[in-house]
Amino acid sequence: MTTATANETYTVPRINDTAPDFTAETTQGTIRLHEWIGDGWAILFSHPKDFTPVCTTELGYMAKLQPEFAKRNTKIIGLSVDPVTNHSKWAADIEETQGAKVNYPMIGDPQLKVAKLYGMLPGDAGETSEGRTPNDNATVRTVFVIGPDKKIKLQLSYPMSTGRNFDEILRVVDSLQLTAKHQVSTPVNWKPGDDVIISGAVSNEEAAKKYPHGWKTLKPYLRVVAQPK
């Protein structure tokens, strides 16, 4: 397992990088990330501090979406650079104001190790969350989608003032799982059930076997077909 030190520089993991593994305390006990993910998918989303208003709404909405992610064999885990004891108190506020109980684990990162490991804070950010304000941690606002192979499939960062669109993350998971299973891509604004694009790696001969009912060729490189079942 890799850990961050003050004299090292870490970058945000890019698509197709292996998600850095770590062991951390959470509201549901100690976890090791890769082991916790298992053979499914996972979403790690981070927060600059507990008891922040925008994050309170986000955590509540993700609690409401958790059953939808579960249907897709996708686990949810949050992170905030505060101790786990604070998270438990925050969860009560979230349930009261958002009408949803947080049933997924929240990572405590009071020594900023995970935030640094994932490139959300620089190595010289110190070793404690004590005394740090949300503005000090403003860059800890990233969503990571991690596949069963433990590779980063998506990473997306937001400013503190703008709530994240987790319906979009659900849509992305649908696309990622579809395209991982079939040799297709999803076009702009795709939603489940919409037409998809046949991969350029699939020849017309191969496509004819996969799609005997045919497809629409807009350009040789742009072949549109009904979404595979």
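Reference entry: report on the structure contained in this document. (Residues numbered from 1 in each chain as written. Predicted model: local features only at pLDDT ≥ 70, side-chain atom pairs only at ≥ 80, totals over all residues. Heavy atoms only, no water.)

1. So, the pairing of strand E4 (residues 74–80)
Across a regular strand the side chains alternate sides, sitting on one face of the sheet and then on the other.
Piece 1. For E4, a buried count of six out of seven residues is recorded, marking the element as mostly surrounded by other parts of the structure.
Piece 2. Taken together, the seven bridges between strand E3 (residues 41–47) and E4 define a ladder with parallel strand orientation. In the strand pairing of E4, Trp 41 is matched with Thr 74.
Piece 3. Here E4 runs beside strand E5 (residues 106–108); their pairing, made up of three bridges, is parallel. Pairing of Gly 78 across the sheet is with Met 106, part of E5.
Piece 4. In this view, the connection linking E4 to its parallel neighbour E5 by way of helix H3 (residues 84–98) has right-handed handedness. (Buried < 20%, exposed > 50% of the residue type's maximum accessible area, 1.4 Å probe, protein only. Helix = DSSP H or I, 4+ residues; strand = E, 2+ residues; numbered from the N terminus. Pairing = 2+ DSSP bridges. Right-handed = clockwise from strand over helix to strand, strands pointing away.)

2. Things to note about the sheet that holds strand E9 (residues 196–198)
Piece 1. Across the sheet, which stays open at both edges, the four strands sit in the order E8-E9-E11-E10 with antiparallel pairing between neighbours. What marks the edges here is a single partner per strand, and that holds for strand E8 (184–185) and strand E10 (216–219).
Piece 2. Bridge count between E10 and strand E11 (residues 222–225): three bridges; the pairing is antiparallel. If you follow Lys 216 over to E11, its bridge partner there is Val 224.

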